[in-house]
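Reading the structure
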Amino acid sequence: MRSLIATFVVLSVPLGVAAQPAAMLSDGVREFVDVDDPVVALTGVQLVDGTGRPAAAGRTIVIRDGRIAAVGPDGEVDVPAGARTLGLDGHTVIPGIVGLHDHTFYMTRGRRVQLNYSAPRLYLAAGVTTIRTTGAFSPYSELNLKHAIAEGQDIGPRMYITGPYLSGAGAMSQMFQVGTPEDARRVVGYWADEGVDWFKAYTRIGDEELAAAIDEAHRRGLRVTGHLCSVSFGEAVALGIDNIEHGFFTSSDYVEGKEPGVCPPGVQRSLLEVDVDGEAVGATIREMVDAGVALTSTLAVYELGVPNRPPLEDRVLEMLAPGARDEYLQSRADVAARDDSPMGTLFAKAQAFEKRFAEAGGLLAAGVDPTGMGGALPGFGDQRNYELLLEAGFAPEEVIEVMTLNGARVLGEDGRYGSVEPGKLADLVVIAGDPVRRPAEIRNVTLVFKEGVGYDSAALIESVKGLVGLR
C-alpha cells in the first residue's frame, strides 16, 4: 500500500474556484442539498484521510468554495469568521468513494435495466462521489447523464464513461463483436470522438483485436481495462492494457493448454487447483506491478455466488422493485441449495490474490459491479467491499485508500480528489459512528459532500425505495 508516515499538522493552501458551485444546481438537485454555504467547518470528527495514514480523532476540516481549505487538530485550525460550523463528535469522515466498476445499469438473472434515475442517487447516498462505468450497454444514455450531472441539472457522482464492451464472436448482442484489428480501431475511434473516457475488453476478444484497441485508445490519450478470459492477464499486460477487472476470478493464466485468443471452458474450476501463494501467481503479479497495471476488486458481486452470503439486509430489499426482489431472493435460494459450490474456496483465494497484489506494490482499486444475481446494489455494494477487504486482511485505513485515493490514481485524478488534503475538491463522506472499529457502521452515512455541497443521504435513499431494477 502507498501509506504515508503518520504526521498530523494543520495544513492550508490557497484555493481555486469550485468546479460546481451550489448556485448552478437545478431545483430538483437542490431538494437534496443540506449544506451549501461557501465556507463550512466540520469539527470533532475522526478522520481517515485516504492516504493510508492511521485514523486520527478530534479533527477539523474547513471547506471553502468547494475545496478543502485546511485540515488539522481541533483548536489548531483557524475557522474563518462566518463559517457554518458542524459539530460532529462521534462521526467519522472519509474521502468520497471512487467506484471503478460502477455501472449505471442493473442486472439479475432475469432482467437488465438502465438505472439513470436510481443508480446515481444510490451511489451518491452511499458516499460514492466518482464512478467509472466500466462497460456500457447504453453509452449515449450514460454520456447524457454525465453531462446533466456536470451541469447541475441531475444528481449523482461525477462520471467517467466507458464505451461499449469490446468482445468477440458469440458475445451478448449488446456488445460489439470485434472481428478484426481494423474493427477494433474503428469502434475505439468512433466512441473516442463521441466523448467516452475508457474502453473495456470482454471475455471473447482476440489478442490481435485487443492489441489494436489498446493502441488506438492510447493514441487518443484514453485507456483500456478488461474483464478477461480469451486473453490471459500476462498476455494483456504484454499488450499494454492499463487495468484488469475482477482479479483472480477471471484469470485464464493457469489453464494448461490454453489457446491464444480463446476463452477456455471451466476457468473458475481450474483456479481451485492454483496455489495463490505459489510462484506462478507471483509471476503474474510481478508482471502487472512492473508494468503499472492496476487491478479492480469487485468482491461484492462475486460474494453473491457463495452460499448464504452476504447477510440479507432489509435496506437492500427495500430498494428493489418487487420483481427484482423476487428474482434476487430466488437466485439466493438457488445458490444456498448447492452442496457442491466451489465459490467459497474460490472467493477466499480471490481475496488472498488481492492482498498479495497490494503487498507487492500493485495499485488496487474497487467497485461494486451491480450485476450478477442482483444483490450488490449501487453504492451499497461499494460499502460492502469495505468489509470484504477487511476480511481479506487489509487494515481499515488501507481499505479506505483502496476505495478512494487508489481509484483516483487509476483515473489519473489523484491531484484533484481522492484524499482529504488541502487544495483538493471537497469530496467527503460523513459517517455516524466508527467504521474503523465497527466495520458495519460504514453504512451509517449521513451527509455526502461533493465539491463542497453537502447532500442528505437519507433523503436520496428514500427517493429511490422500490425503484432499483425498474428505473
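Structure report, in brief. (Residues numbered from 1 in each chain as written. Predicted model: local features only at pLDDT ≥ 70, side-chain atom pairs only at ≥ 80, totals over all residues. Heavy atoms only, no water.)

What about the nonpolar core?
Rules: What is meant by a nonpolar core is a set of buried Ala, Val, Leu, Ile, Met, Phe, Trp, Tyr and Cys residues, joined one to another through side-chain atoms within 4.5 Å. Each residue gets one of three labels from its accessible area relative to the maximum for its type: buried under 20%, exposed over 50%, partly exposed in between, using a 1.4 Å probe on protein chains only. Runs of E in the DSSP output that reach at least two residues are strands. Runs of H or I that reach at least four are helices, and both are numbered from the N terminus. Here, residues are in contact when the closest pair of their heavy atoms is within 4.5 Å.
Core analysis: the biggest nonpolar cluster contains 111 residues, and Phe-199, Ile-244, Phe-248, Phe-353 and Tyr-455 have the highest contact counts within it. Take this core: its biggest share by element is seven residues, from helix H12 (residues 343-359). Excluding residues within four positions of it along the chain, Ile-244 makes contact with Thr-225, Gly-226, Leu-228, Phe-233, Val-237, Met-288, Val-293, Ala-294, Leu-295 and Thr-296.

Notes on the packing of aromatic side chains
Any aromatic ring pair is given by two values, namely how distant the centres are and how the planes are angled relative to each other. Operational definition: Any Phe, Tyr or Trp ring, taking Trp's six-membered ring, that has another such ring centre within 6.5 Å forms a pair; planes under 30 degrees apart are called stacked, those over 60 apart edge-to-face, and the others tilted.
Scanning all chains against the criterion turns up eight aromatic pairs. With a centroid separation of 4.5 Å and an interplanar angle of 40°, the aromatic rings of Phe-105 and Phe-137 are classed as tilted. Pair noted here: Phe-105 is in strand E9 (residues 105-107) and Phe-137 is in the loop between strand E11 (128-132) and helix H3 (139-150), with a separation of 32 residues, a long-range link. There is no split in this pair, since Phe-105 and Phe-137 are both buried. For the pair Phe-249 and Phe-347, a centre-to-centre distance of 6.2 Å together with 45° between the ring planes defines the contact as tilted. Placement of Phe-249 in the loop between strand E17 (243-245) and helix H7 (267-271) and of Phe-347 in helix H12 is noted, with a sequence separation of 98 residues between them. As far as the burial class goes, Phe-249 and Phe-347 line up, both buried.

Describing the environment of Arg-332
With respect to the helices and strands, Arg-332 occurs in helix H11 (residues 322-336). The buried category is assigned to Arg-332, whose relative accessible area is 15%. Separated by 27 residues in the primary sequence, Arg-332 and Gly-305 place their C-alpha atoms 8.1 Å from one another. Excluding anything up to four places from it in sequence, Arg-332 contacts Asn-308, Arg-309, Pro-310, Pro-311, Leu-312 and Met-373.

Quick word on the state of the cysteines
Basically, it comes down to this: Defined by distance alone, a disulfide is two cysteine sulfur atoms within 2.5 Å.
In total, this model carries one disulfide according to the counting rule given. Here Cys-229 engages in a disulfide with Cys-263; their sulfurs sit 1.9 Å apart. What sets the handedness of the Cys-229 and Cys-263 disulfide is the S-S torsion sign, and at about 80° it is right-handed. Residue Cys-229 is located in the loop between strand E16 (223-226) and helix H6 (233-239), and its partner Cys-263 is located in the loop between E17 and H7; the two are separated by 34 residues in the primary sequence. For Cys-229, a relative accessible area of 6% translates into the label buried. Exposure remark for Cys-263: the relative accessible area of 33% places this residue in the partly exposed category.

A look at the sheet that holds strand E8 (residues 97-99)
Strands pair in a sheet through their backbones, by hydrogen bonds, and they do so in one of two ways: parallel or antiparallel. Applied cut-off: Pairing between two strands requires that DSSP report at least two bridges joining them. Axes here refer to lines fitted to C-alpha atoms; in helices the fit is confined to the stretch in contact. Angles between the N-to-C directions go from 0 to 180 degrees.
Reading across the sheet, the three strands line up as E8-E11-E12 and stay open at both edges, with parallel pairing between neighbours. Each of the sheet's edge strands pairs with one partner strand only, and the pair in question is E8 and strand E12 (158-160). Neighbour to neighbour, the strand axes of the sheet diverge by 15° on average, direction disregarded. As defined by bridge partners, E11 adjoins E12 across three bridges and the pair is classed as parallel.

With respect to the packing of helix H8 (residues 279-291) against H12
The line we're drawing: For classification, angles of less than 35 degrees are called roughly parallel, those exceeding 145 degrees roughly antiparallel, those between 65 and 115 degrees roughly perpendicular, and all remaining angles oblique. Crossing handedness follows the turn of the near helix against the far one: under a right angle anticlockwise gives a left-handed crossing, and clockwise gives a right-handed one. Here the term charged refers only to Asp, Glu, Lys and Arg, the term nonpolar to Ala, Val, Leu, Ile, Met, Phe, Trp, Tyr, Cys and Pro, and the term polar to all other amino acids, Gly among them.
Viewed as axis vectors pointing N to C, H8 and H12 meet at an angle of 50°, and their least axial separation amounts to 10 Å. One way to sum up the angle between H8 and H12 is to call them oblique. When the axes of H8 and H12 are compared, the crossing they make is right-handed. On H12, the residues that touch Val-281, Gly-282, Ile-285, Met-288 and Val-289 of H8 are Phe-353, Arg-356 and Phe-357. Here the contact of H8 with H12 is built from residues that sort into six nonpolar, one polar and one charged.

Describing helix H5 (residues 207-219)
What counts, and what does not: What a helix is expected to span follows from its residue count: subtract one and scale by 1.5 Å.
Taking 1.5 Å of rise per residue, 13 residues should cover 18 Å, and H5 covers 18 Å from first to last C-alpha, within 8% of that figure. The complete set of buried residues in H5 reads Glu-209, Leu-210, Ala-212, Ala-213, Ile-214, Glu-216 and Ala-217. Buried residues along H5 sit in contact with strand E13 (166-167), helix H4 (181-194), strand E15 (198-201), E16 and H6. Two residues or fewer after H5 comes Gly-221, characterised by a positive phi angle close to 80°.

Overview of the pattern of salt bridges
What counts, and what does not: Whenever Lys or Arg places a side-chain nitrogen within 4 Å of a carboxyl oxygen from Asp or Glu, that contact is recorded as a salt bridge.
As enumerated under the stated definition, the model contains 32 salt bridges in all. In this structure, Arg-186 engages Asp-183 in a salt bridge whose closest nitrogen and oxygen atoms are separated by 3.2 Å. Placement of the pair is Arg-186 and Asp-183 together in helix H4, with a separation of three residues, close to one helical turn. Across the pair Glu-313 and Arg-443 runs a salt bridge, and its minimum N-O distance is 2.9 Å. Of this pair, Glu-313 sits in the loop between helix H9 (299-303) and helix H10 (314-319) while Arg-443 sits in the loop between strand E20 (428-432) and strand E21 (445-450), placing them 130 residues apart in sequence. Among the charged side chains, a salt-bridge network with shared partners connects Glu-303, Arg-309, Glu-313, Arg-315, Arg-384, Glu-387, Glu-391 and Arg-443.

Worth remembering: the numbers are spatial, not functional.
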